[in-house]
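Understanding the architecture of this molecule
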Amino acid sequence: MAEDFTPRDNEASDAAEAVARGHAVYTPLALTVYDLVVHGLSNRFAWECPTSRLIGLYEANLSANHLEAGVGTGLFLDRAGKAGFDRLVLLDINRNCLTRAARRLARFRPTLREVNLLEPITPSMAPFDSVGLTYVLHCLPGSMGEKLKVVDYLRPAMGEGAVLFGATILGRGGTPNRAARTLFDIYNAKGVFDNREDDAEALSEGLKQRFETVEIDREGCVALFRAK
Ligand SMILES: C[S@@+](CC[C@H](N)C(=O)[O-])C[C@H]1O[C@@H](n2cnc3c(N)ncnc32)[C@H](O)[C@@H]1O
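First things first, this report covers the structure right here in the doc. Given the structure is predicted, the values throughout are model-derived calculations rather than measurements.

Focus: the overall build of the protein chain
Tallying secondary structure elements over the protein chain gives 9 helices and 7 strands in all. Over its C-alpha atoms the protein chain spans a radius of gyration of 17 Å, differing by no more than 12% from the 17 Å that the globule rule assigns to 228 residues. Taken along its principal axes, the extent of the C-alpha atoms in the protein chain is 60 × 45 × 40 Å. Put simply, the protein chain has 228 residues, and 50% of those count as buried. The long-range share in the protein chain, meaning contacts at least 24 apart out of those at least 6 apart in sequence, stands at 67%. Working note: accessible area of the protein chain is about 11,500 Å², and carbon and sulfur atoms make up 51% of it.

Things to note about the nonpolar core
Residues Trp47, Leu77, Leu90, Tyr135, Ile169 and Val222 are the most contacted members of the largest nonpolar core, which totals 40 residues. Apart from residues no more than four positions distant in its own chain, Leu90 is found in contact with Glu68, Val71, Leu77, Leu98, Ala101, Ala102, Leu105, Pro110, Thr111, Leu112 and Arg113. Core analysis: the next-biggest nonpolar cluster, separate from the first, contains 33 residues, Val19, Val136, Met144 and Val150 among them.

Overview of the site of the ligand
Close to the ligand lie 21 residues, the nearest being His39, Gly70, Asp92, Leu117 and Thr134. For the ligand, a nitrogen atom lies 2.9 Å from a polar atom in the backbone of Leu117. Broken down by class, the residue content of the shell around the ligand amounts to 13 nonpolar, 7 polar and 1 charged.

Observations regarding helix H9 (residues 200–210)
For H9, the set of buried residues is Leu203, Ser204, Gly206, Leu207 and Arg210. Looking down the long axis of H9, one finds its buried residues gathered within 165° of arc, a one-sided arrangement. H9 presents Glu201, Lys208 and Gln209 as exposed residues on the side facing more than 90 degrees away from its buried surface. Here the buried face of H9 lies against helix H6 (144–147), helix H7 (149–154), strand E5 (158–169), strand E6 (214–219) and strand E7 (222–227).

Definitions and cut-offs
- Residues numbered from 1 in each chain as written.
- Predicted model: local features only at pLDDT ≥ 70, side-chain atom pairs only at ≥ 80, totals over all residues.
- Heavy atoms only, no water.
- Helix = DSSP H or I, 4+ residues; strand = E, 2+ residues; numbered from the N terminus.
- Rg over C-alpha atoms; globule rule 2.2 N^0.38 Å.
- Buried < 20%, exposed > 50% of the residue type's maximum accessible area, 1.4 Å probe, protein only.
- Contact = heavy atoms within 4.5 Å.
- Areas by Shrake-Rupley, 256 points an atom, 1.4 Å probe, with all protein chains shown as cover.
- Core = buried A, V, L, I, M, F, W, Y, C linked by side-chain atoms within 4.5 Å.
- Near = heavy atom within 4 Å.
- Polar contact = N/O pair within 3.5 Å; in protein donor to acceptor, adjacent residues only side chain to side chain.
- Nonpolar A, V, L, I, M, F, W, Y, C, P; charged D, E, K, R; others polar.
- Arc of directions from axis to C-beta.

See below:
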């Protein structure tokens, strides 16, 4: 007998597919060229935000008790984490990313957790002093308000005075160059990005609703943020 599907079932499966499209691209093979394509070429020639600027953000904000959400290949922790960590936890929905980053960051003995950042993180974790969230929001489906649920789920893991920092590629505002416009078209069509409606105002507003101090700098298509 055929099972009954309600509109709510369909909505849930559409949402799950949209989340999956945001990270399916990170296969083991794709991750071998990720740093070159994203941090070597796209940051400079498309998004016009030098990778050194992002590394600087990590150097300025990393603590010894750090949680990284959406770790990718772990490049920023590798480059900026020279002082080492007492505790380093890596979160990602994609096991390939966790495996690759864990290998690269093995000297820091990271703990790995496979989680969807759009859902509450259980079991909860003892508080961290810093949380990194870089190049994740533009991969998530929905409006900026919906994406920032991620921050609500990360907040219980932030200790008193902890800092949340990171960056996201904005689809609105600024004047993207031709390379950026082409990549926006390709990535949004594939669902790797969902950032057509993302702008600095919504990001700033959403962070200000949740934190006392919010700093946002824009460099090319990228918003670099820091909130306490
Ligand atoms: C564009 S990569 C950024 C990686 C790294 N932060 C960087 O800047 O190089 C996005 C990362 O977020 C992860 N990601 C995407 N959607 C996610 C979700 N819903 N929950 C957890 N991680 C997610 C991907 O698997 C990937 O590791």
